[in-house]
Amino acid sequence: MTTMTTPHAGPGAAGRSQGGRIFNFSAGPGVLPEEVLRQAQQDLWDIDGSGIGVLEHSHRGKVIDRVWDEAEKDTRELAGIPGNYKVLWLTGGASSQFFQVPMNLLPRGGTADYLVTGHWAKKAQEEAAKFGTAHVACSSEDRNFSYIPGPQQTRYSASPAYVHFTSNNTIFGTEWTGEPQGLPAGAPLVCDMSSDMFARPVDVSRYGLIYAGAQKNLGPAGVTLVIIREDLLERAPKELPTMLQYRVHAKEGSRYNTPPVFAVYMVGLVLKWIRANGGLAGMARRNQEKARHIYDVLDSSSFFRGTAERPSRSLMNICFRTPGEDLDEKFVKEAKAAGFDGLKGHRSVGGMRASVYNAFPPEGARALAQFMRDFETRNG
Ligand code: PMP
């Protein structure tokens, strides 16, 4: 096959990494490992020596059987998923889980509890309210979602069908350091892990259901990973549309219809990259190191200010500001010229956001920290 041209280099040198690519701080879809992209370039042309590219294979053929088996096996092994859980590859993004979860798990007239710690958590709660009572057990909206509420600030309902939380709040840059405490007995824990899935070890046995859109830590957009405890599969009313029933996808091995083959294939490659880089413990070390470079600058600066409260700070999305909006704008512009892309914060927080998902290289975090120090010297 002909090799593709090298992706274009950014205009600046500071943010340039190997292979001419620039440092991509996008909140999602996010950066993918370079080795994965190179493998995909080859397999797009011809996968497994089959003479057919990965996009062109039947989803029921041998090659995709292999892709499917390995993606599931690697997911299970990486996260130590117990045997009584199913691994599903679904479409519709994490946003579709906002309604699919209550449609399957919330009985008519029932109540589910929501821990509302950000924009996406709120969206999930609002969607669930269309199907039953979506009780807000806690909310950090009073301080613009800048913190994760503790058990003292949380009031669960008597016996919720499940408790839903969002482990990392992509827009506000806050993250739960562990599972919520004081959960009502017997209520399955449901988690949206879209922006910190497999960024650290996870004890799946503490959850009833975990879901994550792939496009931040796991692969490209187009597939949502769902890990569900088997006993929850049968809770859904039989009259639900077929495609919305977890039990159907579990029974059919996520190939009831034509699945997002390419996205699952890409996730499979990313999982192998995670394994080769120390598994989930390796990712945790890598992510802590990256975040430390940037938080160290924030903590030692009177110019930059982190927007998330310290105990709740995310290792994935680091939100910060300069002393003024004009300087924020200048920062983003100069950073872009120096080869650091995607740093503009979400409009509801303002300032900057550096998203440093699993595949984001440590040298990029170091380079940004240096750029921040230099910017402060020039403008402080
Ligand atoms: N949950 C979280 C935590 C997110 O960050 C996002 C997207 N940024 C979503 C849900 C929505 O995901 P999707 O676009 O895949 O529907």
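See the structure printed just above.
Residues numbered from 1 in each chain as written. Predicted model: local features only at pLDDT ≥ 70, side-chain atom pairs only at ≥ 80, totals over all residues. Heavy atoms only, no water.

(A) Quick look at the nonpolar core. Ranked by internal contacts, the top residues of the largest apolar core, which has 84 residues, are Phe198, Phe331, Phe340 and Leu368. With eleven residues, the single largest contributor to this core is helix 6 (residues 261-276). When near neighbours in sequence (up to four residues on either side) are disregarded, Leu368 contacts Phe25, Ile294, Phe331, Phe340, Leu343 and Ala354. Counting 28 residues, the second largest nonpolar core, distinct from the first, contains Leu90, Phe172, Val190 and Val349. (Core = buried A, V, L, I, M, F, W, Y, C linked by side-chain atoms within 4.5 Å. Buried < 20%, exposed > 50% of the residue type's maximum accessible area, 1.4 Å probe, protein only. Helix = DSSP H or I, 4+ residues; strand = E, 2+ residues; numbered from the N terminus. Contact = heavy atoms within 4.5 Å.)

(B) Region of interest: the sheet that holds strand 2 (residues 85-90). Strand order across the open sheet formed by seven strands is 2-10-9-8-5-3-4, with mixed pairing between neighbours. Either end of the sheet is taken by a strand with one partner, and the two such strands are strand 2 and strand 4 (133-139). The average undirected angle you get between the axes of adjacent strands in this sheet is 20°. In this sheet, strand 8 (residues 189-192) lies alongside strand 5 (residues 163-166) in parallel orientation, the contact comprising four bridges. (Pairing = 2+ DSSP bridges. Axes fitted to C-alpha atoms, helices over the stretch in contact; angles between N-to-C directions.)

(C) Summary view of the environment of Ser167. Counting through the fold element by element, Ser167 comes out in the loop between strand 5 and strand 6 (168-169). You can call Ser167 buried: its relative accessible area is 2%. Linking Ser167 and Ala121, residues 46 residues apart in sequence, is a C-alpha distance of 9.3 Å. Discounting residues that sit within four places of it in the chain, Ser167 has contacts with Thr174, Glu175, Trp176, Cys191, Asp192, Met193, Asp196 and Arg200. One polar contact links Ser167 to Asp196, side chain to side chain, over a distance of 2.6 Å. (Polar contact = N/O pair within 3.5 Å; in protein donor to acceptor, adjacent residues only side chain to side chain.)

(D) A look at the packing of aromatic side chains. Summed over all chains, the structure comprises 20 aromatic pairs. For the ring pair Phe340 and Phe371, a centre distance of 5.3 Å and an interplane angle of 50° mean the geometry is tilted. With Phe340 in strand 13 (residues 340-341) and Phe371 in helix 9 (residues 362-379), this residue pair connects regions lying 31 residues apart in the sequence. The class of Phe371 is buried, set by a relative accessible area of 9%. Every member of this aromatic cluster is reached through a ring pair, and the members are Phe23, Phe25, Phe303, Phe304, Phe320, Phe331, Phe340, Phe360, Phe371 and Phe375. Taking NZ or CZ as reference, Arg313 lies 4.1 Å from the ring centre of Tyr295, over its face. Positioned above the aromatic ring of Phe371 is the side chain of Arg378, whose terminal nitrogen or guanidinium carbon lies 6.0 Å from the ring centre. (Phe/Tyr/Trp six-rings, centres within 6.5 Å; stacked < 30°, edge-to-face > 60°. Lys NZ or Arg CZ within 6 Å of the ring centre and 35° of its normal.)

(E) Representation of the pairing of strand 10 (residues 224-229) within the structure. Summarising burial for strand 10: six of the six residues are buried, a large majority. What you see with strand 10 is no split at all: Thr224, Val226 and Ile228 on one side and Leu225, Ile227 and Arg229 on the other are buried throughout. Across six bridges, strand 2 lies against strand 10 in antiparallel orientation. Among the inter-strand pairings, Leu88 is bridged to a residue of strand 10, identified as Val226. Sheet topology note: the strand 9 (residues 209-213)/strand 10 ladder contains five bridges and is antiparallel. Within strand 10, the position partnered with Tyr211 by the bridge is Val226.

(F) Quick peek at the site of the ligand. Near the ligand lie 13 residues; those nearest to it are Ser95, Thr170, Asp192, Gln215 and Lys216. The separation between a nitrogen atom of the ligand and a polar side-chain atom of Asp192 is 2.6 Å. Lys216 places a side-chain nitrogen or oxygen 2.8 Å from a nitrogen atom of the ligand. Calculation on the ligand without its partners gives an accessible area of 400 Å², and the protein chains cover 85% of this total. Partitioning the shell around the ligand into residue classes produces three nonpolar, eight polar and two charged. (Near = heavy atom within 4 Å. Areas by Shrake-Rupley, 256 points an atom, 1.4 Å probe, with all protein chains shown as cover. Nonpolar A, V, L, I, M, F, W, Y, C, P; charged D, E, K, R; others polar.)

(G) How the structure looks around the pattern of salt bridges. Throughout the structure, instances matching the rule amount to 26 salt bridges. A salt bridge links Arg76 to Glu72, with the nearest nitrogen and oxygen atoms 2.9 Å apart. Pair noted here: Arg76 and Glu72 are both in helix 2 (residues 62-79), with a separation of four residues, about one helical turn. Residue Glu77 pairs with Lys73 through a salt bridge whose shortest N-O separation is 3.8 Å. Taken as a pair, Glu77 and Lys73 lie in helix 2 at a separation of four residues, close to a single helical turn. Residue Glu77 is classed as partly exposed on the basis of its relative accessible area, which comes to 44%. Bridged by salt links that share partners, the residues Asp48, Arg66, Glu70, Lys73, Asp74, Glu77, Lys272 and Arg275 form one connected network. (Salt bridge = Lys/Arg side-chain N within 4 Å of Asp/Glu carboxyl O.)

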